[in-house]
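# Analysis of the macromolecular model
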Amino acid sequence: MSICTPSSSSSSSSSSTKAWIFHGIAVGAAVAVAIGAHAYLYLRRPGKFRTRVVGIIPARFASSRFPGKPLVQILGKPMIQRTWERAKMASSLDHVVVATDDEKIADCCRGFGADVIITSESCRNGTERCNEALQKLEKKYDIVVNIQGDEPLIEPEIIDGIVKALQAAPDAVFSTAVTSLKPEDAFDPNRVKCVVDNHGYAIYFSRGLIPFNKSANVNPQFPYLLHLGIQSYDSKFLKIYPELTPTPLQLEEDLEQLKVLENGYKMKVIKVDHEAHGVDAPEDVEKIEHFMRERNLS
């Protein structure tokens with residue numbers, strides 16, 4: 001495993017991803033209209049709704065499962081650079097920054113041209129790191145997109161999709177994306193599963209397989225959903241989030257999204273057609289490089 005050597009970027013996205021995203025946004029817009037006059041007036045208030053958007057990539061060196069993960073080389077580029085380059089392609093983002101507590105990561109990011117915000121080591125998760133970075137930014141933003149640094153092939157259309165979904169759902173404070181779960185990932189605790197209601201709002205997230213049936217086997221006919229780490233927040237809610245007391249489900253599953261749901265806040269979910277390639281452990285690097293070589297992604 002080698003460390004940071006900045007270089008140039010290239011990328012590609014699929015039309016099927018766009019189709020899924022547009023479907024999710026359309027559903028979100030319909031729900032926003034259906035929830036009543038109060039929300040409608042809120043959406044129609046003077047000026048545009050949630051227009052200023054910043055993308056923040058939280059990155060820490062001291063990962064328990066994979067120390068130094070943001071700096072690992074993926075086909076000649078540090079993973080944090082690949083994520084930043086993909087994020088910069090999203091049309092909805094007015095600004096993209098890396099938030100880190102580590103000078104090695106900060107120096108690497110400055111080397112390939114990224115703006116960096118130094119955050120404290122006390123941040124318990126990526127959401128809290130995004131909040132601290134938001135407070136240190138000079139400009140004010142309405143939406144903050146938390147872009148996971150370990151999804152180096154994240155598609156810009158997905159970033160744009162969750163931003164538009166949050167803009168179209170004034171009763172939600174949070175938005176995120178899911179994709180189809182592969183059967184082989186059904187019982188992998190690193191692959192977080194999600195269930196969604198008929199209006200496109202999250203019901204629950206789990207490291208276990210949900211829903212779980214009486215046979216205790218994967219049902220090949222059921223459309224299980226895999227949560228993608230990317231998520232966006234209303235900036236006012238993001239300031240409240242660190243003050244919320246940790247909740248039982250959040251602590252048991254070790255999933256920060258559950259604290260949002262347990263406190264009664266709404267979370268909009270869009271489904272996308274995306275080949276998820278998160279890097280959770282060192283062995284995932286070889287897998288993602290193999291995938292990129294097969295598809296001629298440099």
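About the thresholds
- Residues numbered from 1 in each chain as written.
- Predicted model: local features only at pLDDT ≥ 70, side-chain atom pairs only at ≥ 80, totals over all residues.
- Heavy atoms only, no water.
- Buried < 20%, exposed > 50% of the residue type's maximum accessible area, 1.4 Å probe, protein only.
- Helix = DSSP H or I, 4+ residues; strand = E, 2+ residues; numbered from the N terminus.
- Contact = heavy atoms within 4.5 Å.
- Polar contact = N/O pair within 3.5 Å; in protein donor to acceptor, adjacent residues only side chain to side chain.
- Salt bridge = Lys/Arg side-chain N within 4 Å of Asp/Glu carboxyl O.
- pLDDT = per-residue confidence, 0-100.
- Phe/Tyr/Trp six-rings, centres within 6.5 Å; stacked < 30°, edge-to-face > 60°.
- 1 Å grid on protein atoms, 1.4 Å probe; cavity = no way out; pocket = protein on both sides within 12 Å on 5 of 7 lines; lining within 4 Å.
- Points joined across faces, edges and corners; volume = space filled by probe spheres on them.
- Nonpolar A, V, L, I, M, F, W, Y, C, P; charged D, E, K, R; others polar.

## Structural notes on helix 5 (residues 126-136)
Across the 11 residues of helix 5, 9 count as buried, placing the element largely inside the fold. Along helix 5, the residues that are buried comprise G126, T127, E128, R129, C130, N131, E132, A133 and L134. Structurally, helix 5 contributes buried residues whose contacts are with strand 1 (53-59), strand 4 (95-100), strand 5 (115-118), strand 6 (143-146), strand 10 (225-234) and helix 7 (235-240). At the N-terminal end of helix 5, a side-chain oxygen is found 3.2 Å from the backbone nitrogen of T127, two or three residues along, and the residue is N125.

## Some details on the pattern of salt bridges
Within the structure shown, the criterion is met by 15 salt bridges. With its nearest N and O atoms 3.4 Å apart, the salt bridge here joins D171 to K266. Note that D171 is positioned in the loop between helix 6 (156-167) and strand 7 (174-180) and K266 in the loop between helix 9 (257-262) and strand 11 (267-271), a separation of 95 residues in sequence. According to the relative accessible area criterion, D171 is partly exposed, its value standing at 23%.

## Some thoughts on the confidence of the model for the chain
Summing up the model confidence of the chain, the mean pLDDT is 86 and the portion of residues at 70 or higher is 84%. Between residues 8-16, whose pLDDT stays under 50, and residues either more than four places distant or in other chains, the model counts 19 contacts. Scored below 50 in pLDDT, residues 27-47 makes 17 contacts in the model with residues more than four places away or belonging to other chains.

## Structural notes on the packing of aromatic side chains
One pass over the full model with this rule turns up 5 aromatic pairs. For the ring pair W84 and F112, a centre distance of 5.2 Å and an interplane angle of 50° mean the geometry is tilted. Of this pair, W84 sits in helix 3 (residues 79-88) while F112 sits in the loop between helix 4 (103-111) and strand 5, placing them 28 residues apart in sequence. Among the residues examined, W84 registers a relative accessible area of 11% and is labelled buried.

## Regarding the layout of surface pockets
Vacant regions in the atomic arrangement are exposed by a probe of water-molecule size rolled over the atoms. Computed from the structure, the largest pocket encloses a volume of approximately 1200 Å³. Lining of the largest pocket is provided by 42 residues; of these, R65, Q148, D150, R207 and E256 occupy positions nearest its centre. Elements with a minimum of two residues in the lining of the largest pocket: strand 1, helix 3, helix 5, strand 10, helix 8 (248-253) and helix 9. Among the elements that line the lining of the largest pocket, the one with the most residues is strand 10, at 5 residues. For the lining of the largest pocket, a count of residues per class yields 14 nonpolar, 14 polar and 14 charged. Estimated volume of the second largest pocket: approximately 430 Å³. Only strand 7 and helix 10 (283-294) provide two or more residues apiece to the lining of the second largest pocket.

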